[in-house]
Amino acid sequence: VDKQSESEIVEKKSRFICNMKHIESEDEALEFIRKIRKKYYDARHNVYAYIVGDGRIKKCSDDGEPSKTAGLPIMQMLESERVTDVVCVVTRYFGGTLLGTGGLVRAYTLSAKTGLAASGLHTMKLCDVYFITVPYSQLATLEYIIKNHLAVVEDKAFSADVTVRVHIATESAAAFIAEIGEKFGSAAKTEFCERTYR
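Right, let's walk through the structure included here. The structure displayed is predicted, hence computed values, not measured ones. (Residues numbered from 1 in each chain as written. Predicted model: local features only at pLDDT ≥ 70, side-chain atom pairs only at ≥ 80, totals over all residues. Heavy atoms only, no water.)

## Here's the deal with the layout of surface pockets
Any empty space left between atoms is shown by rolling a water-sized probe over those atoms. Taken as a whole, the largest pocket encloses approximately 470 Å³ of empty space. Looking at the largest pocket, it is lined by 18 residues, and the ones nearest its centre are Glu-81, Arg-82, Val-83, Thr-84 and Tyr-197. Grouping the amino acids of the lining of the largest pocket by side-chain chemistry returns six nonpolar, six polar and six charged. When its volume is computed, the second largest pocket comes out at roughly 340 Å³. (1 Å grid on protein atoms, 1.4 Å probe; cavity = no way out; pocket = protein on both sides within 12 Å on 5 of 7 lines; lining within 4 Å. Points joined across faces, edges and corners; volume = space filled by probe spheres on them. Nonpolar A, V, L, I, M, F, W, Y, C, P; charged D, E, K, R; others polar.)

In structure tokens form, the structure reads like this:
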């Protein structure tokens, strides 16, 4: 998500307040959930779902609502929109009218969708990150290759040689590394660091 947001819908007098935020770790997600629970301490339910990274870490909670009527619909909505690195907390103030299981699923899903619209989306690409080390005399050539392949320099370290940390779209990485091998041979050292979204 592009930015933190707070939005609200009302369904049969029940208030559903959605708070959504970009996160980088599960600890950040849990801290945000704690803050929202503290802010809305008098609410009957603070339902949440979060997804970190490529989806290996994902959790949701109905927080007292009937099983699979709250947290799971939020999670499914986030997954269907292919959103990651996000935490969504929907706070419900009961309005006196029971919504039924179908009504709860619809209300929590709509609340999360409204929150997502308020936050906006930032499209990320799967990228490979490399450390590339070359002699100082070859830096200009390396920078030309980096620019030509639309790779992005994240950092440079200067010692006996120059080490550049770059990320490049995963689908373009093989051609990028191949060209470095062709241009520099043994004069360049490439080291794969990680695959991540940028």
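## Regarding the pattern of salt bridges
In total, this model carries 14 salt bridges according to the counting rule given. Put simply, Arg-15 and Glu-8 hold a salt bridge, and the shortest N to O gap is 2.8 Å. Judged by its relative accessible area of 34%, Arg-15 falls in the partly exposed class. Among the residues examined, Glu-8 registers a relative accessible area of 41% and is labelled partly exposed. Of the charged contacts in the structure, one is a salt bridge between Glu-194 and Arg-165, with a shortest N-O distance of 3.3 Å. With Glu-194 in strand β9 (residues 189-197) and Arg-165 in strand β8 (residues 162-169), this pair connects stretches of sequence that are 29 residues apart. (Salt bridge = Lys/Arg side-chain N within 4 Å of Asp/Glu carboxyl O. Buried < 20%, exposed > 50% of the residue type's maximum accessible area, 1.4 Å probe, protein only. Helix = DSSP H or I, 4+ residues; strand = E, 2+ residues; numbered from the N terminus.)

## Section: the packing of helix α4 (residues 139-148) against helix α5 (residues 170-184)
Between α4 and α5, the shortest axis-to-axis distance is 10 Å and the interhelical angle comes to 155°. Taken as axis vectors, α4 and α5 run roughly antiparallel relative to one another. In this structure, α4 crosses over α5, and the sense of that crossing is right-handed. Within the contact between the two elements, α4 uses Thr-141, Leu-142, Ile-145 and Ile-146 and α5 uses Phe-176, Glu-179, Ile-180, Lys-183 and Phe-184. Its residues assigned to classes, the contact of α4 with α5 shows six nonpolar, one polar and two charged. (Axes fitted to C-alpha atoms, helices over the stretch in contact; angles between N-to-C directions. Parallel < 35°, antiparallel > 145°, perpendicular 65-115°, else oblique. Left-handed = near helix turned anticlockwise from the far one by under 90°. Contact = heavy atoms within 4.5 Å.)

## Regarding the packing of aromatic side chains
Applying the stated criterion to the full structure yields five aromatic pairs. On the numbers, 6.3 Å between centres and 75° between planes, the contact of Tyr-40 with Tyr-93 is edge-to-face. Taken together, the residues span a long stretch of sequence, with Tyr-40 in the loop between α1 (26-39) and β3 (45-52) and Tyr-93 in strand β5 (residues 86-93) at a distance of 53 residues. Like Tyr-93, Tyr-40 is buried. (Phe/Tyr/Trp six-rings, centres within 6.5 Å; stacked < 30°, edge-to-face > 60°.)

## Focus on the sheet that holds β5
Reading across from one edge, β1-β2-β5-β3-β4 is the order of the five strands in this open sheet, with antiparallel pairing throughout. One side of each edge strand has no neighbouring strand; the edge strands of this open sheet are β1 (5-11) and β4 (57-61). The average angle at which neighbouring strand axes cross in this sheet is 15°, direction not considered. The sheet contact formed by β1 and strand β2 (residues 14-22) spans seven bridges and is antiparallel. Looking at the pairing, Ser-7 lines up with Cys-18 of β2. The sheet strands contacting helix α2 (residues 71-80) are β2, β3, β4 and β5, and the helix crosses β3 at an angle near 35°. (Pairing = 2+ DSSP bridges.)

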